[in-house]
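# Chains, contacts and geometry: an overview
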Amino acid sequence: MKAAIVRFPGSNCDEDAFHAVSGVLGHDAVYCWHKDHDLQDADVVVLPGGFSYGDYLRPGAIARFSPIMREVVAFAKAGGPVLAICNGFQIACEAGLLPGALLRNESLRFISAPVHLRVESVGTQFTSGYHVDQVIRVPIAHGDGRYTADADTVERLEGEGHVLFRYVTPRGEVTADANPNGSVRNIAGIVNPAGNVLGMMPHPERAMEPIMGSVDGVPLFTSVFESLLARVGA
Amino acid sequence: MTRFRLSIHIVPRRGILDPQGKAVTDALHSLGFAAVGDVRVGRYLVVETDAESADAARAGARSMCEKLLANPVTEDFEIAAVEQS
């Protein structure tokens, strides 16, 4: 299996994602420069974290017009799995791959800290390696992570099980204190209706080995690869 | 073709929490501007563009806002002025 890690000017979690896929899990990973029109026959696309284009105008607003986004959108429309993390989530929302938007944290502070997430749905190719209501520990590092969408969209996400991760206390309770950025309904990660585009502000690629303080990101990556392997019958 | 200067305002949509606006509101209140109700902090863009007419320049500005300059989910825009430059 091969993952394409898209590099925009200002991406800074590209090497973390590469290491997660290749160094930790032993799959192939390739970097794809944003000006190219080539995903190098990858099976998975990762839109990594960072500050593409310096967050000019709005986070992700310029990156969505990068040349390679045409291929990323086509890949997603064809059902290919896309993992959009942090700035990648912002880009995916701007590109219309996911509903809603990410706004400035309610506290106006950039927050770099481990958070607890509750896995809300395990019926997706990104979460099949977790169990329902499992609480995982993964870091966040963002200034613009407040997930926002209109009321109808939020109801649809909730009703159709498209909210995959929610900010919670270590015991799994959804509280205002556990919400680091003011996201509506403590939403930390969502999936599109087709189930192949995951957007999340927390960084699973930074929770892959004991030395990182958590290995709770591993099942997310293995879920995707195992689902792909099952599909090709390997 | 004529050169126009477009003045474009983009602000967080009413009803969307704007923490920057709230912080500015609180600061104004503490300075004694008690009459201030609500502040929203947005962006002001000045775009120089060539167009056949002022109407065409305005239509172009609207299209720019819809496609890039404003986020349709969270922001409203206003073409505040279209002037020959």
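In case you missed it, the structure is sitting above this.
Quick look at the structure, then. Small disclaimer: the values here were computed from a predicted structure and weren't measured. By convention here, each chain's residues receive numbers from 1 onward along its written sequence. Here chains are named by letter from A upward and ligands by number from 1 upward, in the order in which they appear as written. Whole-chain, interface and lining totals are the exception, using all residues; otherwise, since this is a predicted model, local features are given only for residues with pLDDT of at least 70 and side-chain atom pairs are given and counted only at 80 or more.

Put simply, DSSP H or I for four residues or longer makes a helix, DSSP E for two residues or longer makes a strand, and each gets a number counted from the N terminus. A count of helices and strands for chain A gives 5 helices and 11 strands. We compute the radius of gyration from the C-alpha atoms alone; for a globule the expected value is 2.2 Å times N to the 0.38, where N is the number of residues. Its C-alpha atoms give chain A a radius of gyration of 16 Å, near enough to 17 Å, the size a compact globule of 234 residues would have. Taken along its principal axes, the extent of the C-alpha atoms in chain A is 45 × 40 × 35 Å. Whether a residue is buried, exposed or partly exposed is read from the other C-beta atoms within 10 Å of its own C-beta, which are placed from the backbone; 20 or more gives buried, 12 or fewer gives exposed, and intermediate counts give partly exposed. Taking all 234 residues of chain A together, the buried fraction comes to 53%. By the convention adopted here, residues are in contact when the distance between their C-beta atoms, placed from the backbone, does not exceed 7 Å. Taking the contacts inside chain A whose residues are at least 6 apart along the sequence as the reference set, 76% of them involve residues at least 24 apart.

With 9 residues of chain B in contact, the opposing surface of chain A contributes 11 residues. The biggest single contributor to the side of chain B that touches chain A is helix 1 (residues 19-30) of chain B, with 3 residues. Residue composition of the side of chain B that touches chain A, by class: 6 nonpolar, 3 polar and no charged. In this classification, the charged set is Asp, Glu, Lys and Arg, the nonpolar set is Ala, Val, Leu, Ile, Met, Phe, Trp, Tyr, Cys and Pro, and all remaining amino acids, among them Gly, are polar.

For soluble globular proteins, nonpolar side chains are generally found buried alongside one another. Residues enter a nonpolar core if they are buried, belong to Ala, Val, Leu, Ile, Met, Phe, Trp, Tyr or Cys, and are joined to the set through C-beta atoms within 7 Å. Counting 70 residues, the largest nonpolar core has V6, V45, V46, V82, A84 and A92 of chain A as its most contacted members. Residues within four places of A84 of chain A in sequence aside, it is in contact with L47, F89, I91, A92, V197, L198 and G199 of chain A. Among the nonpolar cores identified, the runner-up in size contains 10 residues, and L6, A57, L69 and F77 of chain B belong to it.

What follows covers the sheet that holds strand 4 (residues 82-85) of chain A. Residues and elements named next belong to chain A. Paired strands, in this sense, are two strands between which DSSP finds at least two bridges. With mixed pairing, the 9 strands of this open sheet are ordered in space as 2-1-3-4-11-10-9-6-7. A single partner strand is all that each edge strand has here, and the edge strands are strand 2 (28-33) and strand 7 (135-142). Averaged over all pairs of adjacent strands, the angle between strand axes in this sheet comes to 25 degrees, irrespective of strand direction. Packing against the sheet, helix 1 (residues 14-24) makes contact with strand 1 (2-7), strand 2 and strand 3 (44-47), and its axis sits at approximately 155 degrees to strand 2. On top of the sheet, helix 2 (residues 68-77) reaches strand 1, strand 2, strand 3, strand 4 and strand 11 (197-200); it is set at about 125 degrees to strand 4, its chief contact. Working convention: axes come from line fits to C-alpha atoms, limited for helices to the stretch in contact. Angles between N-to-C directions cover 0 to 180 degrees.

Taken residue by residue, a regular strand's side chains alternate between the two faces of the sheet. Residue and element names in this part refer to chain A. Of the strand pairs in this sheet, strand 1 and strand 2 are connected by 6 bridges, and their pairing is parallel. Across the sheet, residue K2 finds its bridge partner in strand 2, namely D28. With its strands directed away from the observer, a crossover is right-handed exactly when the path from the first strand over the helix to the second travels clockwise. Note on the crossover from strand 1 through helix 1 to strand 2: the handedness is right-handed.

Further remarks concern helix 3 (residues 87-94) of chain A. All names here are of chain A. When you tally the buried positions in helix 3, you get 8 out of 8 residues, the bulk of the element. Contact partners of the buried residues in helix 3: strand 3, strand 4, strand 5 (101-103) and strand 11. Positive backbone phi, at 80 degrees, marks G96, one or two positions downstream of helix 3.

Once that is clear, we can look at unusual backbone geometry. Residues and elements named next belong to chain A. With a phi angle near 55 degrees, R185 is a residue other than glycine that sits in the positive phi range. Here R185 shows up in the loop between strand 9 (163-168) and strand 10 (187-191). Even without being a glycine, N186 presents a positive backbone phi close to 60 degrees. Here N186 shows up in the loop between strand 9 and strand 10. When the 22 C-beta atoms within 10 Å are taken as the criterion, N186 is described as buried.

Further remarks concern the environment of A42 of chain A. Residue and element names in this part refer to chain A. Topologically, A42 is positioned in the loop between strand 2 and strand 3. In the structure, A42 is positioned 156 residues away from L198 in sequence and 17 Å away in space, judged by C-alpha atoms. Discounting residues that sit within four places of it in the chain, A42 has contacts with K2, A3, A4 and V30.

Before going further, it helps to spend a moment on the environment of G49 of chain A. All names here are of chain A. Looking at where G49 falls in the secondary structure, it is placed in the loop between strand 3 and helix 2. Residues G49 and L25, 24 residues apart in the sequence, show an inter-C-alpha distance of 19 Å. With residues up to four places along the chain from it excluded, the contact list for G49 reads N12, C13, I85, C86, N87, G88 and H203.

What follows covers the sheet that holds strand 1 (residues 2-12) of chain B. Residue and element names in this part refer to chain B. Here 3 strands make up an open sheet; going across it, the order is 2-1-3 and the pairing antiparallel. Either end of the sheet is taken by a strand with one partner, and the two such strands are strand 2 (43-51) and strand 3 (75-84). Strand after strand, the sheet turns through a mean of 25 degrees between neighbouring axes, direction not considered. In the sheet, strand 1 pairs with strand 3 via 9 bridges, with the strands oriented antiparallel. The residue of strand 3 that forms the bridge with H9 is E78. The strands that helix 2 (residues 54-69) touches are strand 1, strand 2 and strand 3; relative to strand 3, the one it contacts most, it runs at about 150 degrees.

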